[in-house]
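Breakdown of the fold
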Amino acid sequence: MSRRQRITTALLLAPLPVLAVLFLPTPWLAAALALVLLAGLWEWTAFAGIHDRLPRAAFLTANALLMAALIWGGGPSLFTLKLLSLVGVLWWVAAVPLWLARPAFASADTAANRALKLMAGTLGIVPAWCALGWLHAEGPLGPRWTLYALLVVWIADSGAYFAGSKFGKRKLAPSISPGKTWEGVYGGLAATALLAVAGFPLLGLGWTSLPALLVATLLVAGVSVVGDLFESLMKRHSGVKDSGALFPGHGGLMDRLDSILAALPVFVVAKAWLGL
């Protein structure tokens, strides 16, 4: 993909999610995100080696019903949102790194491995969806905090891309994603640290809260790399380069969602834990 194509696509796509996060009521935003996540999950089923439409549709329907069940009865309780967000944190910071440490794990195309990868898809989308509902509905500044969480991911990705392109030498995980470098990771972390310094007043925070925001920001930026690597591993297992061809220069929906799925649960739990 060319750098110009990547930048042009990003500039064209960015306004829509920004406007949605800032101006849609939480239930409408959650509904829109559910549709996007389920569309991404359709791509994920190919990672699990499932290509027939009927089982793919059945899996999507099961996840859609699970998400709908959380809405029925007046909407999910705050406790449910927090609990499922915490499940997402445990998945991304404990289970997935262990999986990444053994790239050949579940690589064989067996029924058990396909089921495991489908479960991984559900553990990715449902906690992220719950985390967004928790974060966005949390007071009048909830939409700003939600946009900030997304900006951390986008800026970490952009910073990593440009720093890696210019300075990248040491490979981060060559057996999983040969293009990623440690220099890119450092560039992404530096870019998000600047975002925290520039953006903390807009989040209603004072200077005394800046260290906590920096900790949360850098943690989320690091976890977003885990999400990206995990999707890269799933694509490597399935023998595909991109999850789809929906966005020129950016691949499919899951190529855009992978880091966000990891970032949202970690961000909202870190925010609560650090008292932000």
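Structure: above.
A short tour of the structure in this document, coming up. (Residues numbered from 1 in each chain as written. Predicted model: local features only at pLDDT ≥ 70, side-chain atom pairs only at ≥ 80, totals over all residues. Heavy atoms only, no water.)

**Examining the overall build of the protein**
On a plain count of helices and strands, the protein comes out with 10 helices and 2 strands. When its helices and strands are written in sequence order, the protein yields α-α-α-α-α-α-α-β-β-α-α-α. Looking at the protein as a whole, 47% of its 276 residues are labelled buried. Residue pairs at least 24 apart in sequence account for 73% of intrachain contacts in the protein once pairs closer than 6 positions are excluded. Per element, the accessible surface of the protein, about 13200 Å² overall, is 72% carbon and sulfur. (Helix = DSSP H or I, 4+ residues; strand = E, 2+ residues; numbered from the N terminus. Buried < 20%, exposed > 50% of the residue type's maximum accessible area, 1.4 Å probe, protein only. Contact = heavy atoms within 4.5 Å. Areas by Shrake-Rupley, 256 points an atom, 1.4 Å probe, with all protein chains shown as cover.)

**Here we look at a nonpolar patch on the surface**
On the surface, Leu19, Leu22 and Phe23 cluster together into a nonpolar patch covering about 310 Å² of accessible area. Structurally, the position occupied by Leu22 is in helix H2 (residues 15-23). (Patch = residues over 30% accessible without salt bridge, like charges linked within 9 Å, V, L, I, M, F, W, Y side chains within 5 Å. Salt bridge = Lys/Arg side-chain N within 4 Å of Asp/Glu carboxyl O.)

**Comments concerning the packing of helix H5 (residues 78-100) against helix H6 (residues 111-136)**
Where H5 meets H6, the axes come as close as 8 Å, and the angle between the chain directions of the two elements is 135°. For the element pair H5 / H6, the angle class is oblique. Like other packed secondary-structure pairs, H5 and H6 cross with a definite hand, here left-handed. On H6, the residues that touch Leu78, Leu81, Lys82, Leu84, Ser85, Val87, Gly88, Trp91, Trp92 and Trp99 of H5 are Leu116, Lys117, Ala120, Leu123, Gly124, Val126, Pro127, Cys130, Ala131, Gly133 and Trp134. Considering only residue class, the contact of H5 with H6 consists of 15 nonpolar, 4 polar and 2 charged. (Axes fitted to C-alpha atoms, helices over the stretch in contact; angles between N-to-C directions. Parallel < 35°, antiparallel > 145°, perpendicular 65-115°, else oblique. Left-handed = near helix turned anticlockwise from the far one by under 90°. Nonpolar A, V, L, I, M, F, W, Y, C, P; charged D, E, K, R; others polar.)

**Some details on unusual backbone geometry**
The residue Ala106 is not glycine, and still its phi comes out positive at about 65°. Residue Ala106 is classed as buried on the basis of its relative accessible area of 6%.

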